[in-house]
Amino acid sequence: MLLSNHSNFILECGTDEAGRGCLAGPVTAAAVILSKDFKNAILNDSKQLSEKKRALLQPIIKSQAISYGVAHVFQEKIDQINILNASILAMHLSIDKLNPIPEFIIVDGNKFKTYREVPYKTIIKGDSKYLSIAAASVLAKTHRDLYMDTIHEEYPMYNWKQNKGYPTKEHREAIRHYGVTKYHRKSFRLLPEQLKLNI
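These numbers were taken from a predicted model, which means no experiment stands behind them.

What counts and how
Residues numbered from 1 in each chain as written. Predicted model: local features only at pLDDT ≥ 70, side-chain atom pairs only at ≥ 80, totals over all residues. Heavy atoms only, no water. Helix = DSSP H or I, 4+ residues; strand = E, 2+ residues; numbered from the N terminus. Buried < 20%, exposed > 50% of the residue type's maximum accessible area, 1.4 Å probe, protein only. Polar contact = N/O pair within 3.5 Å; in protein donor to acceptor, adjacent residues only side chain to side chain. Contact = heavy atoms within 4.5 Å. Expected span 1.5 Å × (residues − 1). Bend = angle between axes of the 7 residues up to and from the residue. Pairing = 2+ DSSP bridges. Axes fitted to C-alpha atoms, helices over the stretch in contact; angles between N-to-C directions. Left-handed = near helix turned anticlockwise from the far one by under 90°. Nonpolar A, V, L, I, M, F, W, Y, C, P; charged D, E, K, R; others polar.

1. Structural notes on unusual backbone geometry
Leaving glycine aside, a negative phi is the common case for residues, and trans is the common case for peptide bonds.
Right, so step 1: In this structure, the amide linkage connecting asparagine 99 to the following residue, proline 100, adopts the cis form with an omega of 10°.
Right, so step 2: By secondary structure assignment, the location of proline 100 is in the loop between helix H3 (83-96) and strand S4 (104-108).
Right, so step 3: Although it is not a glycine, asparagine 82 adopts a positive phi angle of roughly 80°.
Right, so step 4: Tracing the backbone through its elements, the reader meets asparagine 82 in the loop between helix H2 (75-81) and H3.
Right, so step 5: Look at glutamate 117: it is not a glycine, yet its phi comes out positive at around 65°.
Right, so step 6: Note on placement: glutamate 117 falls in the loop between S4 and strand S5 (120-123).
Right, so step 7: Given a relative accessible area of 74%, glutamate 117 falls into the exposed group.

Here is the structure:
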């Protein structure tokens, strides 16, 4: 059973990201403020939900949230500032889109940086404990998946429609065969043999 609020603030926002471990595409974050009486029997951490359930939940969350925001941080920026900083930046950008500004922020995971002096709490596995973080995880995942489906049309050989940029065996085989694209994160270890020296 997911809890509604962590703090006593009415305007508490949950934030989460998707795509942190991917080899290609953006890291995407969402921030959601839900009312204290929001209830949904299906809503859970997006990783526990089927694609069909996430697609069903997305419009419900958007229509019933007090406010929500979604933001992508793309591969060039990830390569520039590293994936942890890019994930936090994506969360900050998604919170930027909230109106009103939250009074308290709960963050999935254990790393965050202060946002406009708003108090916050990092919560490990927060997406399986709090409704607003679970809602943010669903929005981040569905928005990122849609983006990966779009760029799949440009480079179908990597099958991003299926793997969403994650390091599957098939994705790595395609990188080995076709090389990297403008959407790949160049700072990531794209192939296991990247660390071997041919001496």
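2. Topic: the side chain of serine 67
Right, so step 1: By the element assignment, serine 67 lies in strand S3 (residues 67-73).
Right, so step 2: For serine 67, a relative accessible area of 8% gives the class buried.
Right, so step 3: At 3.0 Å, the side chain of serine 67 forms a polar contact with the backbone nitrogen of asparagine 99.
Right, so step 4: Residue contacts for serine 67: discarding those within four places in its chain leaves Ala31, Val32, Ile33, Lys97, Leu98 and Asn99.

3. Digging into helix H1 (residues 51-64)
Residues three or four positions apart in an α-helix share a direction because the helix packs 3.6 residues into each turn.
Right, so step 1: Taking 1.5 Å of rise per residue, the 14 residues of H1 would be expected to cover 20 Å, and the 20 Å separating its terminal C-alpha atoms lies within 8% of that figure.
Right, so step 2: At leucine 57, H1 shows its largest kink, close to 25°, and the proline proline 59 lies no more than four residues downstream.
Right, so step 3: Of all the positions in H1, only Arg54, Leu57 and Ile61 are classed as buried.
Right, so step 4: At its buried positions, H1 is contacted by strand S2 (27-33) and helix H4 (131-152).

4. What to know about the sheet that holds S3
Right, so step 1: The strand order across the open sheet built from five strands is S3-S2-S1-S4-S5, with neighbouring strands paired in mixed fashion. For this open sheet the edge positions go to S3 and S5, each flanked by a neighbour on one side alone. Each strand axis lies, on average, 20° off the axis of its neighbour in the sheet, ignoring direction.
Right, so step 2: The pairing of S4 with S5 spans four bridges and is parallel. Bridge pairing links aspartate 108 to isoleucine 123 in S5.

5. Section: the packing of H1 against H4
Right, so step 1: For the pair H1 and H4, interaxial distance at closest approach is 9 Å and the crossing angle is 115°. In this structure, H1 meets H4 at a crossing whose hand is left-handed. On the side of H1, the interface is formed by Arg54, Ala55, Leu57, Gln58, Ile61 and Lys62, while H4 contributes Ala135, Val138, Leu139, Lys141, Thr142, His143 and Asp145.
Right, so step 2: For the contact of H1 with H4, the per-class residue count stands at six nonpolar, three polar and four charged.

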